[in-house]
Amino acid sequence: MNKFFCILMLSVGLLSAANALAGEVKPPLTPADTLAAFEQQTAVVQGQMQPHGRYRYLDRNERAQVEQRLASMNALFKRYGSVGAMPQDARIALFNAQEKANSILTHNDANRLVCHRVALMGSNIPRTECLTYGQIMRERVRERENTRWSLRNLDQTGRANDATKLGQSSGGG
């Protein structure tokens, strides 16, 4: 019973920590009132989309979607100058473009915490493991590279074995 209580408290603590961290996450694009403020945010976001930036794991399609949303928001600011000067339908379009860009960026944020339950070998008690999205993606890249290396090595070994067999069969006959 005491062991169960400790595990329960640990789980609650981990969930609280994850919720606290999730509450601290600010959207990449916050409401900007003017073109200058929006351009400043855009420059920061585009810098973070670079190879070593926070949003470096965007795929080509997601990157294009974010760029398209930024361009449409920029066009609205250039046309009207500020949010206050925009008619309601333009404000809605601005809001929707910002929300879509934020959802794509937030999902691909290298600092986003991702937790899942892991069953340990030899134990019936699963544990919660939390990693950042960046750590998960780096591990996937490492696994792909290891698989490519293994396949290349296997291919070379297979060729060497085939050459050895060919040499043995032609030399023995």
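Everything here concerns the structure above.
Numbers given to residues run from 1 along each chain, matching the order in which its sequence is written. Totals for whole chains, interfaces and linings use every residue, but because this is a predicted model, local features are given only for residues with pLDDT of at least 70 and side-chain atom pairs only at 80 or more, for both listing and counting. Only hydrogens and water are removed before side-chain values are computed, so all heavy atoms of the structure are retained for them.

**Q** I tried to follow the nonpolar core on my own but got confused; where do I start?
**A** Grouped burial of nonpolar side chains is what soluble globular proteins tend to show. Counting residues in hydrophobic clusters, the biggest one holds 20 residues, and the most contacted among them are M49, F77, L94 and L105. Helix and strand labels come from DSSP, where a helix needs a run of H or I of at least four residues and a strand needs a run of E of at least two; each type is numbered from the N terminus. Contributing elements (two or more residues each) for this core: α2 (35–48), α3 (60–80) and α4 (88–107). Top element by residues in this core is α4. It accounts for 6 residues. The criterion used for residue contact is that any of the two residues' heavy atoms lie within 4.5 Å. In this view, M49 contacts Y55, R56, L58, R63, V66, E67 and L105; residues no more than four positions away in its chain are not counted. Here the nonpolar core consists of buried residues drawn from Ala, Val, Leu, Ile, Met, Phe, Trp, Tyr and Cys, with membership extended through side-chain atoms lying within 4.5 Å. Classification of residues uses two cut-offs on accessible area relative to the type maximum, computed with a 1.4 Å probe and protein chains only: under 20% is buried, over 50% is exposed, and between them is partly exposed.

**Q** Help me understand the side chain of N108 in this model?
**A** Here N108 lies in the loop between α4 and β1 (113–118). Residues adjacent in sequence count toward polar contacts only when both atoms are side-chain atoms; beyond that, a polar contact is any pair of N or O atoms within 3.5 Å, and within protein one must be able to donate a hydrogen and the other to accept it. Separated by 3.4 Å, the side chains of N108 and E62 make a polar contact. Apart from residues no more than four positions distant in its own chain, N108 is found in contact with R54, Y55, Y57, L58, E62 and Y133.

**Q** Could you clarify how one ought to interpret the layout of surface pockets in this entry?
**A** Space left empty within the atom packing is revealed by a probe, the size of a water molecule, rolled over the atoms. Using protein atoms alone on a 1 Å grid, points that fit a 1.4 Å probe yet trap it form a cavity, whereas open point sets bounded by protein on both sides within 12 Å along at least five of seven lines form a pocket; residues with an atom within 4 Å of a point count as lining. Grid points are joined across faces, edges and corners, and a volume is the space filled by probe spheres set on the points. When its volume is computed, the second largest pocket comes out at roughly 150 Å³. What lines the second largest pocket is a set of 13 residues, among which P31, V83, L94, F95 and Q98 lie closest to the centre. If one sorts the elements of the lining of the second largest pocket by residue count, α4 sits on top with 4 residues. Each residue gets one of three labels, nonpolar for Ala, Val, Leu, Ile, Met, Phe, Trp, Tyr, Cys and Pro, charged for Asp, Glu, Lys and Arg, and polar for the others, Gly among them. Its residues placed into classes, the lining of the second largest pocket shows 8 nonpolar, 3 polar and 2 charged.

**Q** Help me understand α2 in this model?
**A** Think of an α-helix as 3.6 residues a turn; residues three or four steps apart then line up on the same face. Compared with an ideal rise of 1.5 Å per residue, which puts 14 residues at 20 Å, α2 spans 20 Å between its outermost C-alpha atoms and is within 8% of the ideal. Here α2 has its buried residues at F38, Q41, T42 and V45. All buried residues of α2 lie within an arc of 105° about the axis, which places them on one face of the element. Turned more than 90 degrees off the buried face of α2, the exposed positions are A36, Q40 and V44. Buried residues along α2 sit against α3 and α4. Here, expected helix span is obtained from the residue count minus one, scaled by 1.5 Å. Directions drawn from the helix axis to the C-beta atoms are what define this arc.

**Q** Would you take a moment to explain the packing of α3 against α4 for this structure?
**A** In a pair of packed helices, the angle between the axes and the distance between the axes together describe the arrangement. Relative to each other, α3 and α4 sit at 155°, their axes nearing to 9 Å. The orientation of α3 relative to α4 falls into the category roughly antiparallel. You can see that α3 and α4 cross each other, and the crossing is left-handed. In this structure, α3 uses E62, Q65, V66, R69, S72, M73, L76, F77 and Y80 to contact α4, whose residues at the interface are A90, A93, L94, A97, Q98, K100, A101, I104 and L105. Only the stretch in contact is used when a helix axis is fitted, and all axes are lines through C-alpha atoms; the angle between N-to-C directions ranges over 0 to 180 degrees. Should an angle fall under 35 degrees it is taken as roughly parallel, and over 145 as roughly antiparallel, whereas 65 to 115 is taken as roughly perpendicular and any remaining angle as oblique. Crossing handedness is defined as follows: a turn of the near helix away from the far one that is anticlockwise and smaller than a right angle gives a left-handed crossing, while the clockwise case is right-handed.

**Q** Teacher, can you tell me more about the state of the cysteines here?
**A** A covalent bond bridging the sulfur atoms of two cysteines is what the word disulfide describes. Any cysteine sulfur atom paired with another within 2.5 Å is treated as part of a disulfide. Applying the stated criterion across every chain, the model contains 1 disulfide. Here C115 pairs with C130 through a disulfide, and the sulfurs are 2.0 Å apart. The sign of the 110° torsion about the S-S bond sets the C115-C130 disulfide as right-handed. Here C115 is found in strand β1, whereas its partner C130 is found in strand β2 (residues 127–132), with 15 residues between them in sequence. With relative accessibility at 29%, the residue C130 sits in the partly exposed group.

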